[in-house]
Amino acid sequence: MKKLIFKTIIFLLAFFQILERVVLKKRKDAYKIGFLVDEFFHKECCGFGGYGMTVKNLTDHFNLVSRKVHADVFLTRILNHVRPEIKRYHNADVLFRPLAASKYAINFSKYAFLALSRNIDLLVSIDWYHSYEYSCNALPMTPLLIWIKDPRGLEEWEKIAAVPYELEVSGGYNKQRLQEIVEKKKKSVQDVLKNSKRMGRKVLFVTQANCLLERARRSYGLEDLQAIFLPNPITLPTSDFEFINTKPTVCLLGRLEPVKRPWIFFELAKRFPHVDFLVAGITHFKAIMAPVFEKYSNITNLKFLGMVDGNEKIKLLRNVWAVVNTSVHEALPVSFLEAFAYGKPVVSCQNPDDLTSRFGYYAGEVLGEGLDEKSLNAFEIVFQKMLDDSHGRQERGQAGRAYVERVNSYSNHENILLDILEKISLL
C-alpha cells in the first residue's frame, strides 16, 4: 500500500511538471540547475569535503557571475530537519530533506513541491549515491546529468581497504562487505536509469577525467556507457607566479584521512630535513589520526597549518615548490588543478589522465600502507628529482598552468554545460 501511494505521488509530480513545461510554456532568461550532493562546504551542511567545495565554487560562479545559469543545492544527506526547508548558505539556496521516519508520504510531498517551486531545468549529481534517489523522485521529469567524479568498483575498494587505518575508520572491510557496497551503488544507478526511462526523463553522463570512464563502466555495470568531458573548474590566479621561495618548500593539501596516507609525507620530511614540509588540512577522524600526528610531532621541518583557505591558500601555493599527494586512491584531485593553476608541479603516485607525468613527477603506483622501504624509496627518488630539476620543475609547472587555463576555467565549464542544456532542449 505504501509503495502504491509513493508511486501515485511521483506520477502526480510528473503531471505537474508536464503542465508547467508543456501547457504553461514558461519563458526563462537563464537556466536553473540543482546540484545533488551529500555535503556543502559548511559545518551545518555536512562538513568540508572536496565535493562540498566544488559545489560551493560552482554556485558562487553561477549565482554571482554567470548571466546564463543559476544554481540551487539539494542536500541529500538526512540531517535533523523534521520537515523539508530551504536555507541560504554562501551564495546558494539549500534544500534540506526531512527525517526519513517522520510522516514519510506527507513530508516527501512537501519536499517535492518545494523542489518544484525552484523551477529546476537540470539536476546535476556530484557522482552518484543512493541518497540522491529521493530528490530525483521529487522531480521525476527533470533531466539528470550524472557527473562522474570518483566511481569505485571492487578494484578501487580493495586498494582502499588495504590501508590499515582505513579499516579502523570504516569498522572493517571484508570481501562480502566490499561486494555489497559495489552492488548497492550499481543497483541504484541502474534503478534511476530504469525509472527515468519509464517516466521519460533524459539522463546523460559527464566525466571530470577521461580515465574515470572505464571505472564508471565497471562500477555502474554499464558496459556501453559514454560520457561527455566536463572539467572541474577552478579559480585561476590573475597573473603568473614564479618560485618566489628560495628555500625548498612543499605542501600536502587536503583532508588528513587514512586513504590519503599523510604518514608518507611525514616520512619524506624525515628524509629531507633541509626542506620545509607544510601540512594544510584537517582530519575528520581525530581519535584514529591524532596518535599518527603525535608520532611525527618532533620533526622540526614538518609544520601543521590546519584548515587553509582563501588568501592563506593563495600565499601557500605561491610559495611552495610543489604539491605532494600520497593517496592510495584518487579520481582527479582538486589539489592537482590548484597546484597547476599556480604553476607548481605535483609529486604523486596517482596519475589521472597522465597529468602527473606531464606536469609533475610520477612515483608509480604505491599500494598498501606505503611505509615499506620500496614504497618510500619510490617517493624519495621522484622527490629528489623534483628538487634537483630547477628548470624542468618550472617548465612542467608552467605547462600545467597553461593546461588548466585552457581546460579548467569556469568559462569553459559553463560553455560545455550550456551546450548540453541546449542539446536536451530545456528552454
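See the structure printed just above.
Residues numbered from 1 in each chain as written. Predicted model: local features only at pLDDT ≥ 70, side-chain atom pairs only at ≥ 80, totals over all residues. Heavy atoms only, no water.

### Side note on a nonpolar patch on the surface
So, step 1. Residues F48, I282 and M307 make up a contiguous nonpolar surface patch of roughly 230 Å² in combined accessible area.
So, step 2. Its place among the elements puts I282 in the loop between β10 (276-280) and α10 (286-295). (Patch = residues over 30% accessible without salt bridge, like charges linked within 9 Å, V, L, I, M, F, W, Y side chains within 5 Å. Areas by Shrake-Rupley, 256 points an atom, 1.4 Å probe, with all protein chains shown as cover. Salt bridge = Lys/Arg side-chain N within 4 Å of Asp/Glu carboxyl O. Helix = DSSP H or I, 4+ residues; strand = E, 2+ residues; numbered from the N terminus.)

### With respect to the pattern of salt bridges
So, step 1. Summed over all chains, the structure comprises 24 salt bridges.
So, step 2. The closest approach of N and O atoms between R218 and E156, which form a salt bridge, is 2.7 Å. Of this pair, R218 sits in helix α8 (residues 212-220) while E156 sits in helix α5 (residues 154-161), and the two are 62 residues apart along the sequence.
So, step 3. Owing to a relative accessible area of 4%, E156 belongs among the buried residues under this scheme.
So, step 4. The closest approach of N and O atoms between K260 and E330, which form a salt bridge, is 3.0 Å. Taken as a pair, K260 in the loop between β9 (249-253) and α9 (262-271) and E330 in the loop between β12 (322-325) and α12 (334-341) lie far apart in primary sequence, 70 residues in all.
So, step 5. Its relative accessible area of 18% is what places K260 among the buried residues.
So, step 6. A residue is classified by how much of its surface remains accessible, and E330, at 8% relative accessible area, is buried.
So, step 7. When salt bridges with common partners are traced through the structure, they connect E155, E156, K159, E214, R218 and E365 into a single cluster. (Buried < 20%, exposed > 50% of the residue type's maximum accessible area, 1.4 Å probe, protein only.)

### Thoughts on the packing of aromatic side chains
So, step 1. On inspection of all chains with the given rule, the structure shows 18 aromatic pairs.
So, step 2. Arranged with centres 5.6 Å apart and planes meeting at 80°, the rings of Y129 and Y132 form a pair that is edge-to-face.
So, step 3. On the accessibility criterion, Y132 (0% relative accessible area) is buried.
So, step 4. Three or more aromatic residues link up through ring pairs in this structure, and these residues are Y104, F108, Y111 and Y134.
So, step 5. The aromatic ring of W157 is capped on one face by R152, whose charged end is 5.1 Å from the ring centroid.
So, step 6. The ring of Y361 carries R396 above its face, with NZ or CZ at 4.3 Å from the centroid. (Phe/Tyr/Trp six-rings, centres within 6.5 Å; stacked < 30°, edge-to-face > 60°. Lys NZ or Arg CZ within 6 Å of the ring centre and 35° of its normal.)

### Here we look at empty space enclosed by the protein
So, step 1. A full pass over the atoms with the stated rule returns one cavity of 30 Å³ or more.
So, step 2. When its volume is computed, the largest cavity comes out at roughly 40 Å³.
So, step 3. Taken together, Q208, A209, F229, P231, L332, L337, D353, L355, Y403 and N408 form the lining of the largest cavity.
So, step 4. When grouped by side-chain class, the residues that make up the lining of the largest cavity number seven nonpolar, two polar and one charged. (1 Å grid on protein atoms, 1.4 Å probe; cavity = no way out; pocket = protein on both sides within 12 Å on 5 of 7 lines; lining within 4 Å. Points joined across faces, edges and corners; volume = space filled by probe spheres on them. Nonpolar A, V, L, I, M, F, W, Y, C, P; charged D, E, K, R; others polar.)

### Here we look at the pairing of strand β6 (residues 144-148)
So, step 1. Within β6, five of the five residues are buried, which leaves the element mostly enclosed by the surrounding structure.
So, step 2. Here β6 shows no split at all, with L144, I146 and I148 on one side and L145 and W147 on the other all buried.
So, step 3. Summarising the sheet, strand β5 (residues 122-126) and β6 pair through four bridges and their orientation is parallel. Residue pairing in the sheet places S125 in a bridge with I146 of β6.
So, step 4. Following the backbone out of β5, through helix α4 (residues 132-138) and into the adjacent parallel β6, one traces a crossover that is right-handed.
So, step 5. Across five bridges, β6 lies against strand β7 (residues 203-207) in parallel orientation. (Pairing = 2+ DSSP bridges. Right-handed = clockwise from strand over helix to strand, strands pointing away.)

### Some thoughts on the side chain of N325
So, step 1. Structurally, the position occupied by N325 is in strand β12.
So, step 2. Engagement of the side chain of N325 in a polar contact is seen with the backbone nitrogen of S327, the distance being 3.2 Å.
So, step 3. A polar side-chain atom of N325 sits 3.3 Å from a polar atom in the side chain of S348.
So, step 4. Excluding residues within four positions of it along the chain, N325 makes contact with L252, E330, P333, S335, F336, V347, S348, C349, Q350 and F379. (Polar contact = N/O pair within 3.5 Å; in protein donor to acceptor, adjacent residues only side chain to side chain. Contact = heavy atoms within 4.5 Å.)

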